[in-house]
Amino acid sequence: MNLKIQEPKELGSPETMAPVDGVVSVATPPPQTSEIRKYLLGRGSSSVADSGFRWLMLLCAVSIFGIVALIATELILRSNLSINKFGLAFFFKQAWDPVNGDYGALPFIFGTLVSSIVALIIAVPLAVGVAVFLTEMCPKVLRGPLSFLTELLAAIPSVVYGLWAVFVLVPLLREDINPFLMKTLGWTGLFAGPNFGLGLLAAGVILAIMILPIISSLTREVMTAVPHTQREAVLALGATRWEMIRMGVLRNARIGIVGAVILGLGRALGETMAVTMVIGSRPEISHSLLALGHSMASVIANEFSEASDDLYRSALIEIGLALFIVTIIVNAFARLLVWAVTRGAPARAS
Amino acid sequence: MASQYKTSAANRIWRTTANHLASGLAILSTILVIAPLVAIFIYLLYKGASSLNLAFFTQIPKPVGENGGGMANAIVGSGILLIISSLLGVPIGIAAGIFLAEFGRGTRLANMVRFTADVLNGVPSIVMGIAVYSLIVLPQKHFSALAGGVALGIMMIPTITRTTEEMLLMVPNAVREAALGLGVPNWRSVLSITLRTASPGVITGCMLAFARIAGETAPLIFTVLGNQFWSVNLDQPIAALPLQIYVYAISPYDEWHRLAWAGALVLIVLIVVSVSLVRYVTTRGVLKGAS
């Protein structure tokens, strides 16, 4: 009996935070529609206005389907030319030759994948660390300001990250970090070749900084959704705090954390401005992370306004279409995972 | 597992060490995450504040080679774009949220709408830019402020829908029943009772969406194009603050870099103020524990 009362004090109640965009909050259980309400709704002289209102709201809700469908049809229609000309080979070809009208998306797919993977490798451990610190270890006084700061990272516009990356991160990489990596890890072949500062590694690092907030806030959310009884059970067996976190919390939240990581991946795949500014804009496939590259989003941002002929533009739109489809699949998958974990969770305490 | 936790002294030391190590790593990662944020802000303040002056807010860009000039046209342009996008995004977003919370609760349609909204939220902004380009710019054959506003407006919808729904769900049913019991028509009760009660939270959602699109650049590149001169014509290319920052940042001129930093500072202040305001509102009063 008494256990229940002391539980929030002992382990810290889930804390409140402003919703970051793209974050699914743990839904409160919907209040039940009572009999009285049904009765009252069935009567009344304003049934015309009421049903009109209802239909209007329905229309707006359904318009969201409309928007997605419209985006899809526009992209398919406008990329028709390139789809017909190159077919599936478009995605496996290295050529990018606007002069001769020969286009292939492979270098861009490569750049997008590599920069996103680098970003995930850097961001995931850090994000999970932050989430563990904020939910399980942080003193209450610090929790508010710290979570606010990580949320603030999410609010900084992409172009400002890009600006900072161009003038601070890239020189830092070029002068200090890259030479160090070349010296210590040069034998792997991943850090070879001319050192521009710009390139796939720079893009990966700035992407990591940008997707950290979303991964850590979602991870925090699924960790908060783990029932306190799980933590208490592990602690009661004599576990240390880390063992409690590992066995009681992380193990229970792992599917949700995977969902959060995939959602972060979705962000990284479609991120445009910051990547465009530091990736180097060269459609090449190279084994080195220090080499210049190009990503799917950055080639569109860079070349779309100068695409003079229809085939050129249509090839760029086809890259956009591929990006659209991939991000939809990735996002849907991640949402399903996060939803599966937080669905049965108790409402967050205030 | 069991053999691993024999109560030998060595084992206890190992477990305590692992515990401290993990704590240390968690603290370290928090510091590593906060560090770039602090670095960005300090650098931004340092670079931006030194190049911010009155001319920045009152003048339009000067041609290359001349010193001075400002981004007055871009600030006004961004304002116009945000107004257009809010006019489009806020009503649709709130209405869709009302449908999810008040009419579609628990239905399959509502679940599908919610899911689609979440997925739409994840669509890259550059893709949104292409779609609006081929929807509005290509048929019209010229770039326009309106096209940019539409692209940004569409991006606002999912965030607003989801927050509105969540906020409405927290309004107790007794409030709705009290209104209906007094003979208030349902539409009136939804608008002036339920939505009104939830309004601080709904406004929060709108501000968050606002803060997000205020810094969007990618969908603007080929919808509004940017403009070096004064223009408030909705049917013509218009300047926008994030777009101007981008163009100046990748230019080779120091004077333009200076302006880019000043612009970034203005943009960040705008966004941080609105996010902090949102946080202030959400952590007190009616909404305590709400979001």
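Located above this text is the structure these notes cover.
Caption draft 1: The overall build of chain B, seen in detail. Broken down by element type, chain B carries twelve helices and zero strands. Moving toward the C terminus, one meets the helices and strands of chain B in the order α-α-α-α-α-α-α-α-α-α-α-α. Against the globule reference of 19 Å for 291 residues, chain B gives a C-alpha radius of gyration of 25 Å, more extended than a compact globule. The burial tally for chain B puts 57% of its 291 residues in the buried class. Pairs at least 24 residues apart make up 74% of the contacts formed inside chain B by residues separated by at least 6 positions. Of the roughly 11,900 Å² that chain B leaves accessible, carbon and sulfur atoms contribute 69%. Side-chain charges of chain B comprise 18 positive and 10 negative groups, with the mean position of each set lying 13 Å from the other.

Caption draft 2: Geometry of the overall build of chain A. A tally of regular secondary structure across chain A gives 13 helices and two strands. For chain A, with 350 residues in total, the buried portion stands at 54%. Put simply, 76% of the contacts in chain A that link residues at least 6 apart link residues at least 24 apart. Within the structure as shown, chain A displays about 15,200 Å² of accessible surface, and the carbon and sulfur contribution to it stands at 67%.

Caption draft 3: Quick look at the interface of chain B and chain A. With 99 residues of chain B at the interface, the matching set in chain A holds 95 residues. Together chain B and chain A conceal approximately 8,700 Å² of surface at their shared face, both sides included; 76% is due to carbon and sulfur atoms. Counting across the chain B and chain A interface gives one salt bridge. Notably, a salt bridge pairs glutamate 243 of chain A with arginine 15 of chain B, separated by 2.7 Å at the nearest N-O pair. The interface formed by chain B and chain A holds nine residue pairs in polar contact (both at pLDDT 80 or more) in total. Residues belonging to the side of chain B that touches chain A are distributed by class as follows: 66 nonpolar, 22 polar and eleven charged.

Caption draft 4: Summary view of the pattern of salt bridges. Residues and elements named next belong to chain B. Within the structure shown, the criterion is met by eleven salt bridges over all chains. Linking arginine 162 and aspartate 118 is a salt bridge whose minimum nitrogen-to-oxygen distance equals 3.0 Å. Note that arginine 162 is positioned in helix 6 (residues 145-169) and aspartate 118 in helix 4 (residues 108-122), a separation of 44 residues in sequence. Accessibility classification places arginine 162 together with aspartate 118 in one group, the buried group. Each of Arg114, Asp118, Arg162 and Glu165 takes part in a single network of salt bridges with overlapping partners.

Caption draft 5: Representation of the side chain of glutamate 243 of chain A within the structure. Along the polypeptide, glutamate 243 of chain A turns up in helix 10 (residues 241-270). Among the polar contacts listed, one links the side chain of glutamate 243 of chain A to the side chain of arginine 15 of chain B, at a separation of 2.7 Å.

Caption draft 6: Local environment of the packing of aromatic side chains. Residue and element names in this part refer to chain B. The tally for this structure, following the rule as stated, stands at 18 aromatic pairs over all chains. A ring pair is formed by tyrosine 43 and tryptophan 261, whose centres lie 5.2 Å apart and whose planes are at 65°; its orientation type is edge-to-face. Within this pair, whereas tyrosine 43 is found in helix 1 (residues 9-51), its partner tryptophan 261 is found in helix 12 (residues 254-282), the two being separated by 218 residues in sequence. For tryptophan 261, a relative accessible area of 3% translates into the label buried. Between tyrosine 253 and tryptophan 256, the aromatic rings sit 5.2 Å apart at their centres with planes inclined by 80°, giving edge-to-face as the arrangement. Residue classification places tyrosine 253 among the partly exposed residues on the basis of a relative accessible area of 36%.

The rules behind these values
- Residues numbered from 1 in each chain as written.
- Chains lettered and ligands numbered in written order.
- Predicted model: local features only at pLDDT ≥ 70, side-chain atom pairs only at ≥ 80, totals over all residues.
- Heavy atoms only, no water.
- Helix = DSSP H or I, 4+ residues; strand = E, 2+ residues; numbered from the N terminus.
- Rg over C-alpha atoms; globule rule 2.2 N^0.38 Å.
- Buried < 20%, exposed > 50% of the residue type's maximum accessible area, 1.4 Å probe, protein only.
- Contact = heavy atoms within 4.5 Å.
- Areas by Shrake-Rupley, 256 points an atom, 1.4 Å probe, with all protein chains shown as cover.
- Lys, Arg positive; Asp, Glu negative; His and termini not counted.
- Charge placed at Lys NZ, Arg CZ, Asp CG, Glu CD.
- Buried area = accessible area lost by both parts, 1.4 Å probe.
- Salt bridge = Lys/Arg side-chain N within 4 Å of Asp/Glu carboxyl O.
- Polar contact = N/O pair within 3.5 Å; in protein donor to acceptor, adjacent residues only side chain to side chain.
- Nonpolar A, V, L, I, M, F, W, Y, C, P; charged D, E, K, R; others polar.
- Phe/Tyr/Trp six-rings, centres within 6.5 Å; stacked < 30°, edge-to-face > 60°.

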